[in-house]
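Residues per chain, in single letters:
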Amino acid sequence: QPFFLSSKMVQETGGSVIAAVEQDRRGLRILPAALLGRVWPAERAVMGMRACKWLKGELETNVDTVLLKGPQLGCCKEVTEQDVFESFQMFHLSRINVDWRFRVVDALVAGIANMCRSGYGMASVLVDLKLSRLRIGDTGIEALVGVLRDCKTLQFLDVGYNALTWSGAKTLATLAGNCTALSRLNLAGNGIGAEGARHLSLMLHECKDLSHLDVGFNNIGSAGAAFLSHALSSCPALAHLTLHHNAIGDEGASAVAELLRECQQLEHLDLRYNDIGAEGCSFVGRNLKSSKALMYLDVSRNAIQDSGLSAIAHSLTECRFLMHLDLSKSSTTARGMIELSSVLPSCSTLTLLDLSDNDVGEEGAAALASALGHCNRLKCLNLNRSRLGPVGAVRIASVLAKCPAVEELDLRTNSLGGECKSRLLSWSPSIPRLLLSDTAQSPYIRVA
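On a predicted model such as this, the values are computed, not experimentally measured, just so you know. (Residues numbered from 1 in each chain as written. Predicted model: local features only at pLDDT ≥ 70, side-chain atom pairs only at ≥ 80, totals over all residues. Heavy atoms only, no water.)

Draft legend 1. Representation of the overall build of the chain within the structure. Counting its regular elements, the chain contains 15 helices and 17 strands. Of the roughly 18500 Å² that the chain leaves accessible, carbon and sulfur atoms contribute 49%. (Helix = DSSP H or I, 4+ residues; strand = E, 2+ residues; numbered from the N terminus. Areas by Shrake-Rupley, 256 points an atom, 1.4 Å probe, with all protein chains shown as cover.)

Laid out in structure tokens, this is it:
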């Protein structure tokens, strides 16, 4: 494990820094902001630069990661592009991770750009660049892209929550054909819209090694989903796709569903909050049969109704590795739960099942209870706000108490009554975390 030199170890003199790292002279891999020149207040600046030089010159350390963590009161507003440049140039950096609290964004972006253009070789070794939640905007991404074109080794680019628009996505797309090693791209929370997704798709066509893509909270709509899906069909290594909060609707869901067939390594698909109805979910369900690697499926907060749930349920028998299934708040009733229960015994790898905020009812609970006993790896079952009564709750708890892997059962916000809750607590000691009340101080929360 790399030795982490925390800012708490950095006191008023370089001597304490030296003492802290003496235990592992060659193991230091990660530097916090406290060691990067004037990133911290002026009184620590001299010590920080001295420590950097000592570590580089005396320890011959193999530092390849810099964490710029700017405490809310610790970032010095006077930090300049030159400060960042001087700090970076001491090391042959391949990974830069900037904390969201780092405030001197303009100097940071300029410093990185200057470093990549310099003769110190960072452009040829940079692997990870994480700049999320800095609000660098379209102007900042333009400055970065200008130098990232030379970063042939870049594998992970995180520019999530940076107030980018379609224009920023268009600028980013100019990296097509340059960053061919890119495997992870985070653009979440940027509002690039359908037009931005169109431009981004031009870049993704060239990213043959892309395995992780997060474009949640971008309002790409059905058209944007179609653009991205068409491009991602050319990414055989795609394993994680996050598309939540994009209002893709049924039409967009049908386009994304094709990826379940095209991308045979897809393990993680997040479609939460997308205005998907029964028709769109039917497309997803039909293509699930072709997905051999899927482990995580989240279609929660979509009104898929019983027919949509039925389409998914009938394909679950083909998902041999499915571990996480979230169907919460999907406008389903006992009828849908009966359909789901008919296939649950074949879901031998399932560890988490979320059915909260649905009209499960007593009939649905009875069907679930008859099936859950076959899910030997199930760890967590969420039935919060599912309109359960005492009989259904007792049936389900009695079955889960016999499951060897069970860790949590959430039965909060159901009409159980005090007598039923007391019975469950005393009768079901085999469930380590049994949630029966929303109140933290309630006697009806049992944590082993």
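Draft legend 2. Here's a closer look at the environment of His245. Secondary-structure assignment places His245 in the loop between β9 (240-242) and α9 (249-262). Sequence separation of His245 and Gly189 is 56 residues, and the distance between their C-alpha atoms is 9.3 Å. With residues up to four places along the chain from it excluded, the contact list for His245 reads Phe217, Asn218, Asn219, Arg272, Tyr273 and Asn274. (Contact = heavy atoms within 4.5 Å.)

Draft legend 3. Spotlight on the environment of Cys263. Here Cys263 shows up in the loop between α9 and β10 (268-270). Sequence-wise, Cys263 and Ser290 are 27 residues apart; in three dimensions their C-alpha atoms are separated by 9.4 Å. Once residues lying within four places of it in the same chain are set aside, the contact partners of Cys263 are Leu232, Cys235 and Leu238.

Draft legend 4. Looking closely at the side chain of Asn190. Relative to the helices and strands, Asn190 resides in the loop between β7 (184-186) and α7 (193-204). Among the polar contacts made by the side chain of Asn190, one reaches the main-chain carbonyl oxygen of Leu187 at a distance of 3.0 Å. Setting aside its immediate chain neighbours within four residues, Asn190 contacts Val159, Gly160, Tyr161, Asn162, Ala163, Leu164, Thr165, Phe217 and Asn218. (Polar contact = N/O pair within 3.5 Å; in protein donor to acceptor, adjacent residues only side chain to side chain.)

Draft legend 5. Here's a closer look at the packing of aromatic side chains. Counted by the stated rule, this structure contains 0 aromatic pairs. Positioned over the ring face of Tyr161 is Arg133, at 4.1 Å from the centre of the ring. Its guanidinium or amino end placed over the ring of Phe156, Arg184 lies 4.7 Å from that ring's centre, counting from NZ or CZ. (Phe/Tyr/Trp six-rings, centres within 6.5 Å; stacked < 30°, edge-to-face > 60°. Lys NZ or Arg CZ within 6 Å of the ring centre and 35° of its normal.)

Draft legend 6. Looking closely at helix α10 (residues 278-288). Most of α10 sits inside the fold, with 8 of its 11 residues counted as buried. If you check which residues of α10 are buried, you get Ala278, Gly280, Cys281, Ser282, Val284, Gly285, Asn287 and Leu288. Where α10 is buried, its residues meet α9, β11 (296-298) and α11 (305-313). (Buried < 20%, exposed > 50% of the residue type's maximum accessible area, 1.4 Å probe, protein only.)

Draft legend 7. How the structure looks around unusual backbone geometry. At Arg133, a position not held by glycine, the phi torsion is positive, near 65 degrees. Within the element layout of this structure, Arg133 appears in the loop between β5 (128-130) and α5 (137-148). Under the relative-accessibility criterion, Arg133 is labelled partly exposed at 46%.

Draft legend 8. Main features of α5. Over its 12 residues, α5 runs 16 Å from end to end, which matches the ideal 16 Å to within 8%, given 1.5 Å per residue. Along α5, the residues that are buried comprise Gly137, Gly140, Ile141, Leu144, Val145, Val147 and Leu148. Within α5, the buried residues cover an arc of 165 degrees as seen down the axis, which keeps them to one side. Opposite the buried face of α5, by more than 90 degrees, sit the exposed residues Thr139 and Glu142. (Expected span 1.5 Å × (residues − 1). Arc of directions from axis to C-beta.)

Draft legend 9. Fine view of the confidence of the model for the chain. In the predicted model, the chain carries a mean pLDDT of 81, and 72% of its residues have values of at least 70. Low pLDDT (under 50) marks residues 69-79, which in the prediction has 31 contacts with non-local residues, meaning those over four places away or in another chain. Note that residues 440-444 has pLDDT below 50 and, in this model, 11 contacts with residues that lie over four places away or in other chains. (pLDDT = per-residue confidence, 0-100.)

Draft legend 10. Structural context of the state of the cysteines. Inspection of every chain in the model, using the stated rule, returns 0 disulfides. No disulfide involves Cys235; its sulfur sits 6.5 Å from the nearest other cysteine sulfur, which is in Cys207. Relative accessible area serves as the criterion here: at 0%, Cys235 is assigned to the buried category. Sulfur of Cys347: no disulfide; nearest cysteine sulfur belongs to Cys375 and is 6.3 Å away. By relative accessible area, Cys347 is classed as buried at 5%. (Disulfide = S-S within 2.5 Å.)

Draft legend 11. Layout of the pattern of salt bridges. Counted according to the given criterion, the structure contains 10 salt bridges. Between Arg261 and Glu262 there is a salt bridge whose closest N-O contact spans 3.6 Å. Under the relative-accessibility criterion, Glu262 is labelled partly exposed at 40%. A salt bridge links Arg433 to Glu408, with the nearest nitrogen and oxygen atoms 3.4 Å apart. You can see Arg433 sitting in strand β16 (residues 433-435) and its partner Glu408 sitting in strand β15 (residues 408-410), a full 25 residues away along the chain. The exposure class assigned to Arg433 is partly exposed, which follows from its relative accessible area of 35%. (Salt bridge = Lys/Arg side-chain N within 4 Å of Asp/Glu carboxyl O.)

Draft legend 12. Summary view of the packing of helix α12 (residues 334-341) against helix α13 (residues 361-372). Running from N to C, α12 and α13 point in directions that differ by 10 degrees, and their axes come no closer than 8 Å. The orientation of α12 relative to α13 falls into the category roughly parallel. Here α12 contributes Ala334, Met337, Ile338 and Ser341 to the contact with α13, which in turn contributes Glu363, Gly364, Ala367, Leu368 and Ala371. Residue classes in the contact of α12 with α13 are distributed as 6 nonpolar, 2 polar and 1 charged. (Axes fitted to C-alpha atoms, helices over the stretch in contact; angles between N-to-C directions. Parallel < 35°, antiparallel > 145°, perpendicular 65-115°, else oblique. Nonpolar A, V, L, I, M, F, W, Y, C, P; charged D, E, K, R; others polar.)

Draft legend 13. Molecular detail of the packing of α7 against helix α8 (residues 221-232). For the pair α7 and α8, interaxial distance at closest approach is 8 Å and the crossing angle is 5 degrees. In terms of orientation, α7 lies roughly parallel with respect to α8. Residues Ala194, Ala197, Arg198, Leu200, Ser201 and Leu204 of α7 form the contact with α8, whose participating residues are Ala223, Gly224, Phe227, Leu228, Ala231 and Leu232. Classifying every residue of the contact of α7 with α8 gives 9 nonpolar, 2 polar and 1 charged.

Draft legend 14. Geometry of the environment of Ala188. Position of Ala188 relative to the elements: it lies in the loop between β7 and α7. The buried category is assigned to Ala188, whose relative accessible area is 3%. Ala188 sits 25 residues away from Leu213 along the chain, and the two C-alpha atoms are 9.0 Å apart.

Draft legend 15. Structural context of the side chain of Asn358. You can see Asn358 is positioned in the loop between β13 (352-354) and α13. A residue is classified by how much of its surface remains accessible, and Asn358, at 4% relative accessible area, is buried. Polar side-chain contacts of Asn358 include one of 3.0 Å to the backbone nitrogen of Ser330. Those residues within four positions of Asn358 in sequence are excluded, and the remaining contacts are Leu327, Ser328, Lys329, Ser330, Ser331, Thr332, Met337, Arg385, Ser386 and Arg387.

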